[in-house]
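Spelled out from the first residue to the last, the chains are:
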Amino acid sequence: MTLVDGFGRSFRYLRLSVTDACDYRCRYCLPGGFHKEEAEPPLTLDEIRRLVAGFAALGFWKIRLTGGEPTVRGDLVDIVAACARAPGVRRVALSTNGARLAALAPALAAAGLSAVNVSVDSLDPARFRDVTGRDDLARVLDGVERALTLGLSVKLNTVLMKGVNDGELGAFTEFARARALDVRFIELMPTADNADFFTARHEKTAALAERLREDGWREAPRGEGDGPARRFIKEGWAGSIGVIAPYAKDFCASCNRLRVTSRGRLRLCLFSEGEHSLRDLLSDDGRAAGLRERVTSLLGLKEVSHYLPEGRLGDTRHFAAIGG
Ligand code: SAM
């Protein structure tokens, strides 16, 4: 079965936040560091297992675990194993800052992880520290190498920031020359908390795509389960370069994902208002049908666009709260 909304979009990809806590202080996300805002605890392993089984029964075959920083959870390996075991799930992916990846990657891979997205906003150690608040570039890149050695599919997520890392296209393409990974430039998005930073640093990724074409990169055909990212490849390069342009006019037409927060609340869009709790349906295995019905019915509220170009920000203070 596949969930299809009123605009013809099919949903098979769940982004599940497992915690809103994060140990980094990225300037566009949590510049003051993480502060606990909610007394309610995150979903337990059992609740996550039921949630993922419910979405898998609705045809969701790709699960991404995100946060906050998912690796701050001591039971992350068990969470990955629970997701990988859910009937119908074909791909379990993780978004991480990479700080603990070198140590955790073997256990995560053994538990069934297939892919990892590592945030690397700069390949310059001082700039990396300036953006994230952590002098961690070397250990994050160790984690990237470890994941590649283990055969995981690897993406680097790089948020493009004017006057910060917009001169690093060459360094990142060079990084992808001999490594079979995808470097993805993500356009900086506005949230309630980052208005000044956004105004100062926002730069469209469209110019990057143009430069890639001039440098001999060509756009790759889209694959099954691909979201709104465009991917560029080049003869002689093991890796590829992706571009995510949330302001592009057809961005939402390829939306294929739903998000659930670490407290079990469905979010229909990064920039929507409001969340819909599913947690009351996760307390025992007997509520699976109710979970499927509620998700199916809530999908009817999903809008055709995020309305970002019109200035809508929704009620998201920062992406750490909902998983980015
Ligand atoms: N801590 C994990 C990580 O580093 O990937 C997962 C959570 S983080 C919120 C997920 C992704 O969202 C990261 O790649 C981060 O750079 C990106 N992100 C956060 N805030 C953003 C913003 N305002 N605009 C664009 N990307 C953002």
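Residues numbered from 1 in each chain as written. Predicted model: local features only at pLDDT ≥ 70, side-chain atom pairs only at ≥ 80, totals over all residues. Heavy atoms only, no water.

Asks: Help me understand the packing of helix α2 (residues 76–85) against helix α3 (residues 101–111), please; the structure alone is not making it clear to me.
Replies: Each pair of packed helices can be described by the angle between their axes along with the distance between the axes. As a packed pair, α2 and α3 sit with axes 8 Å apart at the nearest point and diverge in direction by 25 degrees. Accordingly, the angle class assigned to the pair α2 and α3 is roughly parallel. Considering how the two elements wind past one another, α2 and α3 form a crossing that is right-handed. Counting all contacts with α2, which are made through Leu 76, Val 77, Val 80, Ala 81 and Ala 84, the residues of α3 involved are Leu 104, Ala 107, Leu 108 and Ala 111. (Axes fitted to C-alpha atoms, helices over the stretch in contact; angles between N-to-C directions. Helix = DSSP H or I, 4+ residues; strand = E, 2+ residues; numbered from the N terminus. Parallel < 35°, antiparallel > 145°, perpendicular 65-115°, else oblique. Left-handed = near helix turned anticlockwise from the far one by under 90°. Contact = heavy atoms within 4.5 Å.)

Asks: Looking at this structure, how should I read the packing of aromatic side chains?
Replies: A ring pair, where both rings are aromatic, is described by two values, the distance of the centres and the angle of the planes. All chains considered together, the criterion is met by five aromatic pairs. Residues Phe 172 and Phe 185 carry aromatic rings whose centres are separated by 5.6 Å and whose planes lie at 85 degrees to one another, so their mutual orientation is edge-to-face. You can see Phe 172 sitting in helix α6 (residues 169–175) and its partner Phe 185 sitting in strand β8 (residues 182–187), a full 13 residues away along the chain. Residue class for Phe 185 comes out buried when judged on its relative accessible area of 1%. With 6.0 Å between their ring centres and 65 degrees between their planes, Phe 271 and Phe 319 make a pair best called edge-to-face. Highlighted residues: Phe 271 in the loop between β13 (265–267) and β14 (276–277) and Phe 319 in the segment after α9 (288–299), separated in sequence by 48 residues. Overall, the relative accessible area of 2% leaves Phe 271 in the buried class. Across the ring face of Trp 61, the terminal group of Arg 90 is positioned such that the distance to the ring centre comes to 4.1 Å. Above the plane of the ring of Phe 175 lies Arg 179, whose end atom (NZ or CZ) is 3.9 Å from the centre. (Phe/Tyr/Trp six-rings, centres within 6.5 Å; stacked < 30°, edge-to-face > 60°. Buried < 20%, exposed > 50% of the residue type's maximum accessible area, 1.4 Å probe, protein only. Lys NZ or Arg CZ within 6 Å of the ring centre and 35° of its normal.)

Asks: Help me out: how do you make sense of the site of the ligand in this one?
Replies: Taken together, the neighbourhood of the ligand is formed by 18 residues, with Tyr 28, Gly 68, Glu 69, Ser 119 and Met 189 sitting nearest. Between the ligand and the protein, one listed contact pairs an oxygen atom with a backbone N or O atom of Thr 96 at 3.5 Å. At 3.4 Å, a side-chain N or O of Asn 157 approaches an oxygen atom of the ligand. Relative to its unbound accessible surface of 550 Å², the ligand loses 94% to contact with the protein. When contributions to the shell around the ligand are tallied by element, the ones reaching two or more residues are β5 (91–96), β7 (153–160) and β8. In terms of residue class, the shell around the ligand is built from seven nonpolar, nine polar and two charged. (Near = heavy atom within 4 Å. Polar contact = N/O pair within 3.5 Å; in protein donor to acceptor, adjacent residues only side chain to side chain. Areas by Shrake-Rupley, 256 points an atom, 1.4 Å probe, with all protein chains shown as cover. Nonpolar A, V, L, I, M, F, W, Y, C, P; charged D, E, K, R; others polar.)

Asks: Sorry if this is basic, but what is going on with the layout of surface pockets here?
Replies: Empty space among the atoms becomes apparent when a probe as large as a water molecule is rolled across them. Reported here for the second largest pocket is a volume of approximately 370 Å³. Lining the second largest pocket are 23 residues, and of these Asp 20, Glu 37, Arg 317, His 318 and Ala 321 sit closest to its centre. Its residues assigned to classes, the lining of the second largest pocket shows six nonpolar, seven polar and 10 charged. (1 Å grid on protein atoms, 1.4 Å probe; cavity = no way out; pocket = protein on both sides within 12 Å on 5 of 7 lines; lining within 4 Å. Points joined across faces, edges and corners; volume = space filled by probe spheres on them.)

Asks: Would you mind showing me how to read the pattern of salt bridges here?
Replies: Proximity of charged atoms lets side chains of opposite charge pair with each other. Within the structure shown, the criterion is met by 28 salt bridges. The partner of Arg 317 in a salt bridge is Glu 37, and the shortest N-O contact between them spans 3.7 Å. Pair noted here: Arg 317 is in the segment after α9 and Glu 37 is in the loop between β3 (13–17) and α1 (45–57), with a separation of 280 residues, a long-range link. The partner of Arg 287 in a salt bridge is Asp 284, with the nearest N and O atoms 3.3 Å apart. Judged by its relative accessible area of 35%, Arg 287 is partly exposed. We classify Asp 284 as partly exposed; its relative accessible area is 32%. (Salt bridge = Lys/Arg side-chain N within 4 Å of Asp/Glu carboxyl O.)

Asks: Explanation requested: the packing of α1 against α2 in the structure shown.
Replies: Orientation of α1 relative to α2, taken along the N-to-C sense of each, is 25 degrees, at an axis distance of 9 Å. Classified by the angle between their axes, α1 and α2 sit roughly parallel to one another. At the point where α1 passes α2, the crossing takes the right-handed sense. On the side of α1, the interface is formed by Leu 45, Ile 48, Arg 49 and Val 52, while α2 contributes Asp 78, Ile 79, Ala 82 and Cys 83. Of the residues contributing to the contact of α1 with α2, the split by class is six nonpolar, no polar and two charged.

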